[in-house]
Amino acid sequence: MWKSVGNGTLEGVSSVSDIDPSKLTITTSDTLKPIPPSETLQFGVTKTDHMLVISFDPENGWSAPEIKPYGPISLDPASSCFQYATNAFEGMKAYLGPDGEPRLFRPNMNMARMERSVERAALPSFNSQALLSLIKRLVLLERRWIPTEPGYSLYVRPTMIGTRSSLGVSASDQALLYVICLPTGPFFLGASKEISLLGVSDTVRAWPGGTGCFKLAVNYGPGFQPLREATKRGYSQVLWLLGDKITEAGAMNFFAVVERDDGDLDLITPPLDGTILPGVTRQSIIDLANAHTEGKTPLPNIPPSQKLYVHEQDLTMTYLKRWHDQGKLIETFCVGTAVIVGSVTKIGHDGKDIVLDASKVKHSLTDAFLERLSAIQVGTFPFENWSVPCNP
Ligand SMILES: *Cc1c(COP(=O)(O)O)cnc(C)c1O
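Described in the following lines is the structure provided in the data block. (Residues numbered from 1 in each chain as written. Predicted model: local features only at pLDDT ≥ 70, side-chain atom pairs only at ≥ 80, totals over all residues. Heavy atoms only, no water.)

**Digging into the nonpolar core**
In this structure, Trp62, Phe126, Leu131, Ile135, Met160 and Leu177 are the most contacted members of the largest nonpolar core, which totals 38 residues. Those elements that place two or more of their residues in this core are strand E2 (50-57), strand E6 (92-96), helix H2 (107-120), helix H3 (128-141), strand E8 (153-162) and strand E9 (175-184). Both domains that furnish three or more residues to this core are identified here as domain 1 (3-185) and domain 2 (195-374). Residue contacts for Leu131: discarding those within four places in its chain leaves Leu52, Ile54, Met111, Met114, Phe126, Leu177 and Val179. Ranked by size, the runner-up nonpolar core spans 26 residues in total, among them Ile340, Phe369, Leu373 and Phe383. (Core = buried A, V, L, I, M, F, W, Y, C linked by side-chain atoms within 4.5 Å. Buried < 20%, exposed > 50% of the residue type's maximum accessible area, 1.4 Å probe, protein only. Helix = DSSP H or I, 4+ residues; strand = E, 2+ residues; numbered from the N terminus. Domains from an automatic or database assignment. Contact = heavy atoms within 4.5 Å.)

**What about the pairing of strand E18 (residues 352-355)?**
Looking down a regular strand, the side chains alternate between one sheet face and the other. With four bridges joining them, strand E17 (residues 340-349) and E18 adopt antiparallel strand pairing. Across the sheet, the residue bridging to Lys346 is Val355, located in E18. Hairpin remark: E17 followed by E18, antiparallel, with two residues in the connecting loop; positive phi at Asp350, about 50 degrees. (Pairing = 2+ DSSP bridges.)

**What to know about unusual backbone geometry**
Located in the positive-phi region is Ala85, a residue other than glycine, with phi close to 55 degrees. Topologically, Ala85 is positioned in the loop between helix H1 (80-84) and strand E5 (87-89).

**Section: the site of the ligand**
The immediate surroundings of the ligand are formed by 14 residues, with Lys215, Tyr220, Glu248, Thr281 and Thr337 found nearest. Tyr220 places a side-chain nitrogen or oxygen 2.4 Å from an oxygen atom of the ligand. Between an oxygen atom of the ligand and a main-chain N or O atom of Val280, the distance comes to 2.7 Å. Elements with a minimum of two residues in the shell around the ligand: strand E13 (252-259) and helix H5 (280-293). Looking at the shell around the ligand residue by residue, the classes come out as five nonpolar, five polar and four charged. (Near = heavy atom within 4 Å. Polar contact = N/O pair within 3.5 Å; in protein donor to acceptor, adjacent residues only side chain to side chain. Nonpolar A, V, L, I, M, F, W, Y, C, P; charged D, E, K, R; others polar.)

**Some remarks on the packing of H2 against H3**
The interhelical angle for the contact between H2 and H3, taken along N-to-C directions, is 130 degrees, at an axis separation of 10 Å. If you check the angle between H2 and H3, you find them oblique. Relative to H3, H2 is oriented so that their crossing is right-handed. Between H2, through Pro107, Asn108, Met111, Met114 and Glu115, and H3, the contact on the second element is made entirely by Ser128, Gln129, Leu131, Leu132 and Ile135. For the contact of H2 with H3, a count of residues per class yields six nonpolar, three polar and one charged. (Axes fitted to C-alpha atoms, helices over the stretch in contact; angles between N-to-C directions. Parallel < 35°, antiparallel > 145°, perpendicular 65-115°, else oblique. Left-handed = near helix turned anticlockwise from the far one by under 90°.)

**Side note on the pairing of strand E7 (residues 102-105)**
Here E7 shows no split at all, with Pro102 and Leu104 on one side and Arg103 and Phe105 on the other all buried. In terms of strand pairing, E6 meets E7 through three bridges, oriented antiparallel. Bridge assignment links Ala94 to a residue of E7, and that residue is Leu104. Hairpin connection, E6 to E7: the antiparallel pair is bridged by five residues, and Gly100 has positive phi, about 80 degrees.

**Notes on a nonpolar patch on the surface**
Together, Tyr84, Leu167 and Val169 make up an exposed nonpolar region whose accessible area comes to about 320 Å². Relative to the helices and strands, Val169 resides in the loop between E8 and E9. (Patch = residues over 30% accessible without salt bridge, like charges linked within 9 Å, V, L, I, M, F, W, Y side chains within 5 Å. Areas by Shrake-Rupley, 256 points an atom, 1.4 Å probe, with all protein chains shown as cover. Salt bridge = Lys/Arg side-chain N within 4 Å of Asp/Glu carboxyl O.)

Here's what the structure looks like:
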């Protein structure tokens, strides 16, 4: 099901052009915007000067890529993306290291995921390595927008939308692929660094056989009303449950740290069973935990003798409450490109709260993962070629 096609062809359409980075044209903006002070940045608000745009039609395939001034796009009101939500996207970040080099974090994972999302929405396939080389080109052009303060970066949002202008309820054979960039700060500006979650099971984000494991716009809009209810009740995000089973928190993957009888720690996250978005950060946490336990790359401020055992297994509210009652639930945290790693200190469910005191944790894994990932992302801690320079 996750097979990528990546040859720029639609079923039944032979040899149309794929994305060709050598055909890129760049039109720079006459008036560059002033860059706001980093501390005023709110996530997703400020856009840079330029965007990358490529269009697909079944006769000609992918058009010559264009980098041009950021601005509105004009679409037929009957477009598939408006009527039937044929929209797939990605979220990745570019960081500027102390050497001034812009870098992307494990971008191949985002590209592979976008191929899968696009395939699931029956949108035209594309060569994601060609797209990645164009994203690097755009990031280099927008380099002055990448904030250098710790915790700041340039958020990159590749998006594909179906642009077939017909109400016929079927696949869009036309599409627009664009990439926009937004300078962004730490997820929690000033406010509390702690996330509180409200467990919700009367509405569901994802279900077996659904689209939860793809980054499709259809998965997000229906979550806003439950989120509004949760925030009214004083929680910062929804913890999406399937019955008793924990899936994800907001648009973040969820982890629980549980103390074992032998004093080592179990690191538990739900398995990729189709209801979980396969996060790049989630996989990176798993990889870093394994590298620690194998003694290869110990995590900062965690004793090397403290073993971490990763379990991708079902996690239920019943177990979470039991471990908490037994004093074994040490930490819970959420991960994703935007938040990186965020401590969860309160989980509401069935009228009661599980409350965790982050300050009581001697060797915080939340802090260790956040510190290590941030260092890898800016390029100060080289690890497994995860940090990829934009300069060729
Ligand atoms: C994007 C996303 C994540 C996090 O994925 P990353 O690749 O780590 O950014 C987790 N859950 C959902 C639902 C998401 O959309």
